[in-house]
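Each chain, written out:
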Amino acid sequence: QVQLAESGGGLVQAGGSLRLSCVASGGTFSNYAMGWFRQAPGREHEFVAVIGRYGGYLYADSVKGRFTISRDNVKKMVYLQMNTLKPEDTAVYFCAANSGLIATRGREYDYWGQGTQVTVSS
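Bear in mind the structure is a predicted one, so any value in this text is a computation, not a measurement.

Next up on the list: the state of the cysteines. A complete count under the given rule lists one disulfide for this structure. In this model C22 forms its disulfide with C95; the gap between the sulfur atoms is 1.9 Å. Disulfide C22-C95: the torsion about the S-S bond is 50 degrees, which places it as right-handed. With C22 in strand β3 (residues 18–25) and C95 in strand β9 (residues 91–98), this residue pair connects regions lying 73 residues apart in the sequence. The two residues C22 and C95 agree in class, both being buried.

Structure (structure tokens):
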């Protein structure tokens, strides 16, 4: 099994930046695609970004040009650098591990962290 733990959330003004981190334990980290998802109250669970085993990546249209996903397979960590944050980015952000290929559907992910709150004020 894989355990995931997010950190780095917090309060930030619109236009500001945050970097989320997710550390994994267990499993073979390099074999997993790692994704970020988010969920705001009253909204559907939403794909944000994913990075594959060898660095391939996808972003949701809503975050392209603003967010950057990266990974460190030695440290077993995945990051989400979030720039030019908007109030609509406010959500709980989850990292997730997928033993298959990169995917944008949450149901395809096998392991999930508990989430970290990101709040963007205007």
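Having put the structure on the table, let's press on.
For the rest of this paragraph, the subject is the nonpolar core. M34, W36, L80, M82 and Y93 are the most contacted members of the largest nonpolar core, which has 37 residues in total. Secondary-structure elements contributing two or more residues to this core are β3, β4 (33–39), β5 (46–51), β7 (67–72), β8 (77–82), β9 and β11 (116–121).

Another point: the packing of aromatic side chains. In the structure shown here, the tally under the stated rule is seven aromatic pairs. Centre to centre, the rings of F37 and W112 are 5.0 Å apart; their planes meet at 55 degrees, and the pair counts as tilted. With F37 in strand β4 and W112 in strand β10 (residues 111–112), this pair connects stretches of sequence that are 75 residues apart. An aromatic cluster is defined as three or more aromatic residues linked by ring pairs; in this entry it consists of F37, F47, F94, Y109 and W112.

Residues T116, V118 and V120 of β11 are buried on one face, while the alternating residues Q117, T119 and S121, pointing to the opposite face, are not. In terms of strand pairing, β9 meets β11 through three bridges, oriented antiparallel. Bridging across to β11, A91 finds its partner in V118.

This part is about the sheet that holds β3. Here four strands make up an open sheet; going across it, the order is β1-β3-β8-β7 and the pairing antiparallel. With partners counted over all chains shown, the strands left at the sheet margins are β1 (3–7) and β7, one partner each. Each adjacent strand pair in this sheet contributes to an overall mean axis angle of 15 degrees, direction not counted. For β3 and β8, the ladder comprises six bridges, and the chain directions are antiparallel. Opposite V23, over in β8, you have M77 as the bridge partner.

This part takes up the environment of M82. Of note, M82 is situated in strand β8. In the structure, M82 is positioned 66 residues away from G16 in sequence and 8.3 Å away in space, judged by C-alpha atoms. The contact partners of M82, leaving out residues within four places of it in the chain, are G16, S17, L18, L20, R66, F67, Y93 and V118.

Basis of the calculations
- Residues numbered from 1 in each chain as written.
- Predicted model: local features only at pLDDT ≥ 70, side-chain atom pairs only at ≥ 80, totals over all residues.
- Heavy atoms only, no water.
- Disulfide = S-S within 2.5 Å.
- Helix = DSSP H or I, 4+ residues; strand = E, 2+ residues; numbered from the N terminus.
- Buried < 20%, exposed > 50% of the residue type's maximum accessible area, 1.4 Å probe, protein only.
- Core = buried A, V, L, I, M, F, W, Y, C linked by side-chain atoms within 4.5 Å.
- Phe/Tyr/Trp six-rings, centres within 6.5 Å; stacked < 30°, edge-to-face > 60°.
- Pairing = 2+ DSSP bridges.
- Axes fitted to C-alpha atoms, helices over the stretch in contact; angles between N-to-C directions.
- Contact = heavy atoms within 4.5 Å.

So yeah, pure geometry; function would need other evidence.
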